Amino acid sequence: MNSAIRKVAIAAMVMVVALLLQLTWVQVFRADDLRADARNTRMLLDEYSRQRGQITAGGRVLAMSLPSEGRYEFVRTYPTDPVAFGPTVGYYSLQFATSGIEQSQDAFLSGSDPRLLSQRISGLISGRTPQGGSVELTLDPVAQEVAYSALQRGAGQGPVVGSVAAVRPSTGEVLALASSPSFDPNSLSSQEQTVRAQEMARIEQSPDRPLLNHATQQSLPPGSTMKVITTAAALEQGVGPDTPVSGADRTLLPGTATYLENYAGQSCGGGTVTLRTAFELSCNVPFVELSQQIGAEAFTEMSEKFGVDGTRPEDFGIPVAPSGLGQMEDAAQLAMSSIGQSDVRMTTLQNAMVAATVSNGGVRMEPQLIRSLTAPDLSVVEGFTPEDDGRALTDEQAGTLTELMVGAEANAAGSGGSIPGVTIASKTGTAEHGVDSSDSIPYTWYIAFVPGQDVAVAVAIESGPGITRDTVGSTYAAPIGREVLGALLGGPG
């Protein structure tokens, strides 16, 4: 064999070996990743021949697969107020793959999860049509619908951009995750290409990202709601409700020549006031000065105890953005962080957990969205178990902070009503943002719980009609939060 032929033969052999190695890599080592890839429409085509499991909450079916008269054997439908649940439940689309619970629990819902192997084998033997398992969520459907409707009404001027998260403090169960704007999963999951395309085109034209779950994926500066954590850190160092603090209208930002004022230049009484008064009036100056007494280490430690630590809840079921303090390199950043500005960021879910931790006697629970996973034969494959995330406060400290929050609610209620006969503990927040905060509309917050009733809520409003530079948490976010609390307590809301 001459050298030219030998070289060609060797090159061909090398290419064949390389091809075999590549095929082995793709078919063996990357098989699971490719199968789970949301862009793999071939898997969706195969799965449309199976009856996908249901997604339920509070006895209502949020997602189910029904026999289809079209090209595919089954069609995915969302029978219960689909837009209200959209960002959390997600969609299951032939064209746009999956999102939300539909994505995170795809293997279980489609029946390919290893935990359903025995079910698949018994179905194969008996000749039954393949079925997926079902997922039950912790959501309270009534509270979810009330929360979403309240976001759509805004202040009577139309839908706002924002979110609501409600939780059960003693267990961490998430009772509501409402996000506005939203989308219609029925349209995205339609078997009609034109219907799917029209809905996605509407979504893509919106600057407010309807596919984003604003309750879990949007981290915002929390403003004065952060004073709950700052106060907790102060209580741990022996400060009490009647401890004297500054009632000045402004103070020098530590380490700078810049003066910091109370929000909108409001008065805190002047001279010396108590921490109780400063908390109820939400004055910035005393908390900025307290932060220097607390120190960066103690402030950071307390924030981490409340879950503001840059991590995400494990196995929550849908994507969650981290909540954290960001960089805190000097005294000025500590001061601004103590009032929820600088680099502090929280999701609405995380801020609901702050209120829930105080409500639960200072013990923080891991937030839970999935109550159970059930096999096609209705046996429970995995059930909900509350997970303790540690103690942030003593019972006494939690009681003191509850007392202060009840006072703050009484101060704020005049701007947005109350729930008759119900005592609420709350804190409002108004967070400036942007390069020049004077040119931007602030984010407004409300976090609250009902002492002794095991419900807590957080509301974050980003923008919307009727919201101006003068809008504050007590006038816009608070009424929405109280309406959701009313629904959770079984009232008219």
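Here, every reference points to the structure presented above.
First things first, this report covers the structure right here in the doc. (Residues numbered from 1 in each chain as written. Predicted model: local features only at pLDDT ≥ 70, side-chain atom pairs only at ≥ 80, totals over all residues. Heavy atoms only, no water.)

As for the overall build of the chain
If you tally the helices and strands in the chain, you get 18 helices and 19 strands. Each of the 493 residues in the chain was classed as buried or not, and the buried ones make up 52%. Relative to all contacts within the chain whose residues are 6 or more apart in sequence, the contacts with residues 24 or more apart total 69%. Within the structure as shown, the chain displays about 21,100 Å² of accessible surface, and the carbon and sulfur contribution to it stands at 52%. (Helix = DSSP H or I, 4+ residues; strand = E, 2+ residues; numbered from the N terminus. Buried < 20%, exposed > 50% of the residue type's maximum accessible area, 1.4 Å probe, protein only. Contact = heavy atoms within 4.5 Å. Areas by Shrake-Rupley, 256 points an atom, 1.4 Å probe, with all protein chains shown as cover.)

With respect to the sheet that holds strand β14 (residues 370-374)
On the basis of which strands lie adjacent, the open sheet formed by six strands has the order β3-β2-β1-β6-β14-β15 and mixed pairing. Strands at the two margins of the open sheet, each flanked by one partner only, are β3 (74-77) and β15 (380-383). The mean angle between the axes of side-by-side strands here comes to 20°, regardless of whether they run parallel or antiparallel. Direction of pairing for strand β6 (residues 134-137) relative to β14: antiparallel, over a ladder of four bridges. Paired with Glu 136 across the bridge in β14 is Ser 372. (Pairing = 2+ DSSP bridges. Axes fitted to C-alpha atoms, helices over the stretch in contact; angles between N-to-C directions.)

Concerning the nonpolar core
With 116 residues, the main nonpolar core has Leu 137 and Leu 401 as its most contacted residues. Not counting the four nearest positions on each side in its chain, Leu 137 is found in contact with Ile 55, Thr 56, Ala 57, Leu 62, Val 89, Ile 101, Leu 369, Ile 370 and Arg 371. Grouped together as the second largest cluster of nonpolar side chains are five residues, Leu 220, Ala 431, Tyr 443 and Ala 460 included. (Core = buried A, V, L, I, M, F, W, Y, C linked by side-chain atoms within 4.5 Å.)

Things to note about the packing of helix α4 (residues 82-89) against helix α8 (residues 141-153)
It is the contact of α4 with α8, at a shortest axis distance of 9 Å, that shows an interaxial angle of 105°. By the criterion of interaxial angle, the relationship of α4 to α8 is roughly perpendicular. Two secondary-structure elements touch here, α4 through Val 83, Ala 84 and Phe 85 and α8 through Pro 141, Gln 144, Glu 145 and Tyr 148. (Parallel < 35°, antiparallel > 145°, perpendicular 65-115°, else oblique.)

A closer look at the environment of Arg 345
When you line up the elements, Arg 345 lands in the loop between α15 (331-338) and α16 (348-359). The spatial distance from the C-alpha of Arg 345 to the C-alpha of Ser 68 is 45 Å, given a sequence separation of 277 residues.

Some points on a nonpolar patch on the surface
On the surface, Val 16, Leu 19, Leu 20 and Leu 23 cluster together to form a nonpolar patch covering roughly 360 Å² of accessible area. Tracing the sequence through the fold places Leu 20 in helix α1 (residues 3-29). (Patch = residues over 30% accessible without salt bridge, like charges linked within 9 Å, V, L, I, M, F, W, Y side chains within 5 Å. Salt bridge = Lys/Arg side-chain N within 4 Å of Asp/Glu carboxyl O.)

Quick notes on the environment of Asp 470
As for its placement among the helices and strands, Asp 470 is situated in the loop between β19 (456-463) and α18 (477-488). On the basis of relative accessible area, Asp 470 is assigned to the exposed category, the value being 68%. A C-alpha to C-alpha distance of 50 Å links Asp 470 and Leu 66, two positions 404 residues apart in sequence.

Considering α4
Of all eight residues that make up α4, seven are buried, and the element is covered over most of its length. Phi turns positive one or two residues past the end of α4, at Gly 90, with a value near 85°.

A short note on the sheet that holds β19
The antiparallel open sheet is built from five strands, whose spatial order is β8-β7-β19-β18-β17. Taken across any chain shown, the strands that pair with only one partner, and hence form the sheet edges, are β8 (173-180) and β17 (425-431). Here the average twist between neighbouring strands, direction ignored, is 10°. Sheet topology note: the β17/strand β18 (residues 443-449) ladder contains seven bridges and is antiparallel. Within β18, the position partnered with Thr 430 by the bridge is Thr 444. Packed on one face of the sheet, α8 meets β7 (161-168), β8 and β19 and runs near 25° to β8.

In short, geometric facts, not functional conclusions.
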